[in-house]
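This is what each chain is made of:
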There are 2 protein chains.
Amino acid sequence: MAEQITPREVSYSDWFVDIVLKAQLADYSPVKGCMVIRPRGYAIWEKIQSHLDRMFKETGHQNAYFPLLIPESFLHKEAEHVEGFSPELAVVTHGGGEALEEPLVVRPTSETIIWSMYKKWIQSYRDLPLLINQWANVVRWEKRTRLFLRTTEFLWQEGHTAHATREEAEEEALRMLHVYRKFAEEYLALPVFYGRKTESEKFAGAVTTYSIEAMMQDKKALQAGTSHFLGQNFAKAFDVTFQTQAGSLDYVWATSWGVSTRLIGAVIMAHSDNRGLVLPPRIAPTQAVIIPIYTKKTVDQVADYAKRVFARLTEAGLSVEMDLDDQNSPGWKFAEWELRGVPIRVEVGPRDMEQEKAVLVRRDTGEKRAVSVSRLPEEIPVLLEEIQKTLFRRAKDFRDEHTHYVEDYDSFKRIIEDGGFVFAPWSGSPEVEARIKEETKATIRVLEFGNEEKASGKNDILTGEPARHIALFAKSY
Amino acid sequence: MAEQITPREVSYSDWFVDIVLKAQLADYSPVKGCMVIRPRGYAIWEKIQSHLDRMFKETGHQNAYFPLLIPESFLHKEAEHVEGFSPELAVVTHGGGEALEEPLVVRPTSETIIWSMYKKWIQSYRDLPLLINQWANVVRWEKRTRLFLRTTEFLWQEGHTAHATREEAEEEALRMLHVYRKFAEEYLALPVFYGRKTESEKFAGAVTTYSIEAMMQDKKALQAGTSHFLGQNFAKAFDVTFQTQAGSLDYVWATSWGVSTRLIGAVIMAHSDNRGLVLPPRIAPTQAVIIPIYTKKTVDQVADYAKRVFARLTEAGLSVEMDLDDQNSPGWKFAEWELRGVPIRVEVGPRDMEQEKAVLVRRDTGEKRAVSVSRLPEEIPVLLEEIQKTLFRRAKDFRDEHTHYVEDYDSFKRIIEDGGFVFAPWSGSPEVEARIKEETKATIRVLEFGNEEKASGKNDILTGEPARHIALFAKSY
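Residues numbered from 1 in each chain as written. Chains lettered and ligands numbered in written order. Predicted model: local features only at pLDDT ≥ 70, side-chain atom pairs only at ≥ 80, totals over all residues. Heavy atoms only, no water.

Looking now at the UniProt feature "domain: Aminoacyl-transfer RNA synthetases class-II family profile" (unreviewed entry) in chain A. Annotation from UniProt places "domain: Aminoacyl-transfer RNA synthetases class-II family profile" (unreviewed entry) at residues 41–280 of chain A. What you have in residues 41–280 of chain A is 32% helix and 33% strand, and the ends, taken at the C-alpha atoms, are 14 Å apart. (UniProt positions renumbered as here; feature names shortened; annotations may be inferred. Helix = DSSP H or I, 4+ residues; strand = E, 2+ residues; numbered from the N terminus.)

Here we come to unusual backbone geometry. Cis geometry is adopted by the peptide bond preceding Pro129(A), which originates at Leu128(A) and carries an omega value of -10°. Backbone geometry places Asp239(B), a non-glycine residue, at a positive phi of 55°. Relative to the helices and strands, Asp239(B) resides in the loop between helix H7 (233–237) and strand S12 (241–243). On the basis of relative accessibility, which here comes to 40%, the residue Asp239(B) falls in the partly exposed class. At Glu356(B), a position not held by glycine, the phi torsion is positive, near 55°. If you trace the backbone, Glu356(B) turns up in the loop between helix H11 (350–354) and strand S18 (357–362). (Buried < 20%, exposed > 50% of the residue type's maximum accessible area, 1.4 Å probe, protein only.)

Take chain B, turn it by 180°, move it 0.0 Å along the axis, and it overlays chain A with an RMSD of 0.0 Å. The superposition of one copy onto the other is thereby described by a two-fold rotation axis. The rotation axis passes nearest to the C-alpha of Val92(B) in chain B, at a distance of 2.1 Å. Here 100% of the contact residues of chain B are again contact residues in chain A; the copies associate through an equivalent surface. (Least-squares fit on C-alpha atoms with pLDDT ≥ 70 in both. Contact = heavy atoms within 4.5 Å.)

With that out of the way, let us pick up the sheet that holds strand S22 (residues 443–448) of chain B. Residues and elements named next belong to chain B. Taking strand neighbours across the sheet as the criterion, the 11 strands line up as S3-S7-S8-S14-S11-S10-S9-S22-S23-S21-S20 in an open arrangement whose pairing is mixed. The open sheet has two free edges, formed respectively by strand S3 (62–63) and strand S20 (403–405), since each of these has just one partner strand. Pairing between strand S21 (residues 421–426) and strand S23 (residues 469–474): 5 bridges, direction antiparallel. Bridge pairing in S23 places Val 422 opposite Phe 473. (Pairing = 2+ DSSP bridges.)

Structure (C-alpha cells):
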C-alpha cells in the first residue's frame, strides 16, 4: 500500500499536512517557520509562474530585480507601512564580520526599496507609466506557521507600478485584481469572491486593498491574491515627483499587487480528497501517468507496449510519466499516483495491448474509458479540460452551497460556527467589525463591487443601525 | 544624440559601467554593494534562465527551493566551508522584534541547508541519485563590488546532487562543466578554456573544482561557471549515509555547480563596443527593432508601413520592437538602439515602401542588406544566426591572438603585464603559484584536461624544477 493519509473528516489540518508531506510537495526545514519546497511542489509553482508571467507581460509589465536587504530607515518613511510590518521583520545587524552602521531588514515586501529607485528613474510624464514586476522571496517573521499557507519565508511576485494620474493607478489596481480572479478561476479552478477590503483589513500603506477570496473544503476563506491602490503615499514618502504634460509638478500615483506560494496551499485544500492531491490539469506538472498491468508471462510485452504509448504521448507534446518499477504492484502504483495528484492514469494491460487500446482513469471522478492508442493524443487533452471544468464546477457548487445571506445575528453566528460564508448587512462601523470578529472569529473578507446598493433599507446585523454595505464574512486562514 | 559612453580605450571600467547604466541594464541601489537589475538587464537573465533550465532538465535535474536563512552552526559543520565563507556572511540576529537564540546567516551558498535535508530524504541506494537545482538569490559580503561581476547580493542557480558512488558524482560534476561550456559557447558566444582549479583556487569544501574561463576585451580572465566534486565532505558533515545495493552503509557522494548574473557582465564585456551593448542573438530579449525614416510629407504612410512590417514579424514569432516616437530623429534612434544592443535594425523609408522592402542593419558589423518584406521572416533568423557565429568567431580570434605559451619567466611577466592568457609549465607547487600571484597578479585559471602529458620534460616557469602541469595563467576579475 502507498502511504495512508489522515481522512479529511478526522482532522482537516492533519489531512492537509499529510498530503503536503506524503505527496512530497514540501517538507519542514530546520529553520523555524521556513519550509523546503520539494521538486513535486516546486514544479506546480513553475506552472503557476509561467501562466501568470505571461498574463503580466500581456498587460504590459516587465520583470526586474531589487535588493533583498532594505535599510531599516526606509520602512519608517511611510507611517502605516512601518507600523504594519515592524513586528514581522528579520534584521541583519552584521555583515562581513562587522556590526553594520544601519541595520538592514530582509524585505517583507519591496515598496520602500523600489520607490527609492523610482525617485531616480521618474522625472517626467514621459517616464510613466512604469509597470514593473518582481519574482522574489520575502521574509515575514510569523508566530504561527503552516506549510504553504503561512511561512516565514515565501516565494511570490510583487508588481509595483507608477502612474501620472489617480484614475490610471486605480484602473491598474483593478486590472490586476481581475488578472488574479481570472487566473484563480481558469487555472487553479478556484471560484473567488472579489472586492475591496475594509480599512482594518487593508495593506499597511494602501489607500484601497482589493482581494480575491476562495473557500476551502473546511468552509474557511483563504485570501488568494491582493492588489493595492497606494495613492501617493509612497511617492510622498520617497519624494517622487514628476513634471506633468501641462508643466506642473505632481507626486506619482502607485499600485502594488502580489500572489505567493500560498496559492499552492489553496489548490491543495480546495480540490484534494482522502486519497491525496487533486490538481487542476492546467497547473499539473505531469498530465498523465502510464501504468502497465502485467502477469509474469506478459511483463516484457506489456512494458514494451507501455513504452510505445509513452513515446506516442510524449511526441504529441503531453507531459507524461511512466511507472515501470517492478517492485510494486499495479494497485500500489494506482494509490501512489493518486496521492501525487496526476490528473489521468493510463492503464495498459495484455488485453488493451491486443486491441491497441488503453484505459484512461480520471483522478477526480474515478471514471474510466477505453480509448484506441491512435486517439490518445486528441482524447487526453479533451479529458484534461473536462477535469479542469469539473473541478471548478465542484468547487463552485460547494462554495455556493455554503454561502448564505442572513439578516439576523443568531443565524449569522450559527453559520459561522458550523462553517461557511455569510453575506450580511453592515453599518460600516469598525467597532461592529471588531466586535463580530471577537465574538465569532469571522472577519469581513471583501466588500463586493456594488454591494452598497443592495444594502439600502437593510439593518446592521449586530446593532440594527442602517446598513451601508452587504459584507462577506467568514473565518479565514 | 543618444547618451555618449566612455570609449573602451580611455577607460575600460568606465566603458563597462557606462554601458550597464546607459543601456539601463542595472543601476546602483541605496544598499552598499547591491544592485538593481532593471527590466532590460533582467530580460537577458530570463533568456539565460530559460536556456539553462531546459539544459538542466534534459540532463535529469529538477528544481526545488530551500530556505534563505541558515542556522549559523550549520556552516561550522564543514571546516573548510566555514573558513571560506565566514568573512562574507550577512547575519540575521533579530526576528519579530526579539534577539534570536541562534543567529541565522543569509545563504552565501546552500550546501549546508540542503545536505541537512538530504539526511531526511536519503536512506537507500533507491533514493539516489538525487538531482536538484535551485534558482535563488545569495548574499556574500564583498569589500569591492562591481555591477554584475561582483555584487553583495546576486542571482544564480545552484545544483546539488547526491550519488551512490564516487564515479557517478565525478561524472556528474564533469557533465555539468560541459553543460556550462556548451551554454557559454553556443548561447553567450563566449569561447572558454576549461579544466580543474588548483588547490588554492577551489571552492571551500570541494575535493575538486572545475571551471570555465573566458577572456574579456581587456584580456583579463573571467570565471564564468564552476562545478564541484564534493566527495563525501558534506555527507560526513551532516551524517548522510545510505544502504548500498549490497546491504552495507556508506556516505553519500556529492556535487554542486552554479552560474550567476555575473554571466551578464561577461557577455557585456566580451562583445560590446564603443557604441554600446552588443548581445548574442540567442540571449537577446529583442531580436530586431524597426525604425521608420520619414519626412514630414511621408510620416503617416511610412509609419503605417512600419506597423505592417512589425505585424508580419511578430506573427512570424520574432521578438521585435518598433520606435515610432516622433520627438527623436532616425539618427538619434539608431544610436539609442545600438546602445541597447538589439542585434538587427530594420530601417523602413519611403523608397523601401515603394519596393515592399526593408533594410536590415547588423549591430555587430554595421553591414546592410535590402530585403523584400515577404522574405523577412526567413531572412532575419538566418541573419541572427550569422551574427551569433560572428560574435563567437570574433571573440575566439581575439582570445587566441592573446593567448600564449611561454617557457621563460621574463616573457611570462611581459605578457601578463601587457594583458593576455599564458600557458606555462608549472611544478605543481602552491608556493610557486603564490609567488607568481604576488609578483604578477596572475593566478592559475585552470589546469586543462590532459595538461600533465604536455608538461613532460618541461621546467617550472619560476623555479626551473621539473614541471607537472601546463597551467593557464591570467589576471582575472
